[in-house]
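# Observations on the three-dimensional arrangement
One-letter residues, chain by chain:
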Amino acid sequence: MDKIQILRKISQTFFFIRALLTGFYLSIIGFVWNFIFGYGNFSNFRIIAIILAIIAGRIFCGWMCPFGFLFDLTYKLRVKIFKIKKLPTVPEYIHNKLKYFKYFVLIVVIVLGYTFGFKVFTDLYLLSYSLLILFLILGFIYPRFFCRYVCPVGALLSIFSKISIFKLRLNKDKCVGCKLCERKCPMQIKIVDVDKINQMECVRCFECMSACRKESLSFSYKN
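Residues numbered from 1 in each chain as written. Predicted model: local features only at pLDDT ≥ 70, side-chain atom pairs only at ≥ 80, totals over all residues. Heavy atoms only, no water.

## Structural notes on the pattern of salt bridges
With the rule as written, the count across this model stands at 6 salt bridges. The residue Asp72 makes a salt bridge to Arg8 at a minimum N-O spacing of 3.1 Å. Of this pair, Asp72 sits in helix 5 (residues 66-82) while Arg8 sits in helix 1 (residues 3-21), and the two are 64 residues apart along the sequence. Take Asp72 and Arg8: they sit in the same class, and that class is buried. In this structure, Glu207 and Lys76 form a salt bridge, with 3.3 Å as the shortest nitrogen-oxygen distance. On the criterion of sequence distance, the pair formed by Glu207 in helix 12 (residues 207-211) and Lys76 in helix 5 is long-range, its members being 131 residues apart. Residues joined in a network through salt bridges with shared partners are Arg8, Asp72, Lys76, Arg144 and Glu207. (Salt bridge = Lys/Arg side-chain N within 4 Å of Asp/Glu carboxyl O. Helix = DSSP H or I, 4+ residues; strand = E, 2+ residues; numbered from the N terminus. Buried < 20%, exposed > 50% of the residue type's maximum accessible area, 1.4 Å probe, protein only.)

The structure is reproduced here in structure tokens:
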């Protein structure tokens, strides 16, 4: 395991433990509402996450999000159990449509929040834990299923990631087209046969960079 992945694991573990110690109850609904509307301690946290997204993309999703940490563990457990070398993928024609669903969820969350108020959704623990179990199961089948297709927090940050200063880039002169980077990407992003890498979907886990044997991928300041 290279240094960047060690640092990411340390960061994810730190923020997960920090979340648990500060009253994080693994409630997806509570987490989404708190983050989107900036309630309590989430106000500054949301601002920091957005600033990071503008600078470096969805760093929060790949390095700091407690649910991202759980979903990473879930699919990596499957990889370890079944000795999978290529991560399972959703059929492209479905994936290319389904990845926009999270933006619909973001709009629904905002409309419901301003219509009914935040407190209406704070006590839905049974529903929230049921959703967590569902997404853990789906995340075992398809890597970061929730992050790819459902998470409104990821949708919000991806909007700012579109203009991120630092971007993931492919040096096509070095690339040999093996697509090992794509096989390791938990977000199912096309890297090799595209003009530009989709920065909005990338959670900056850098699994692709770790997988590339030709060092053809870099994370650098835009021209």
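On we go from here.
## Considerations on the nonpolar core
With 61 residues, the main nonpolar core has Phe60, Phe67, Val153, Leu157 and Leu217 as its most contacted residues. The leading source of residues in this core is helix 2 (residues 28-37), at 8 residues. When near neighbours in sequence (up to four residues on either side) are disregarded, Leu217 contacts Leu168, Arg169, Leu170, Cys181, Ile191, Ile197, Cys208, Met209 and Cys212. (Core = buried A, V, L, I, M, F, W, Y, C linked by side-chain atoms within 4.5 Å. Contact = heavy atoms within 4.5 Å.)

## Overview of the environment of Gly38
Locating Gly38 in the fold gives a position in the loop between helix 2 and helix 3 (42-56). By relative accessible area, which is 15% here, Gly38 ends up buried. In contact with Gly38, not counting residues within four places along its chain, are Trp33, Ser43 and Arg46.

## What about unusual backbone geometry?
A positive phi angle, near 55 degrees, is found at Lys83, a position not held by glycine. We classify Lys83 as exposed; its relative accessible area is 65%. Positive phi outside glycine occurs at Phe206, with the angle close to 60 degrees. Considering the arrangement of structural elements, one finds Phe206 in the loop between helix 11 (180-183) and helix 12.

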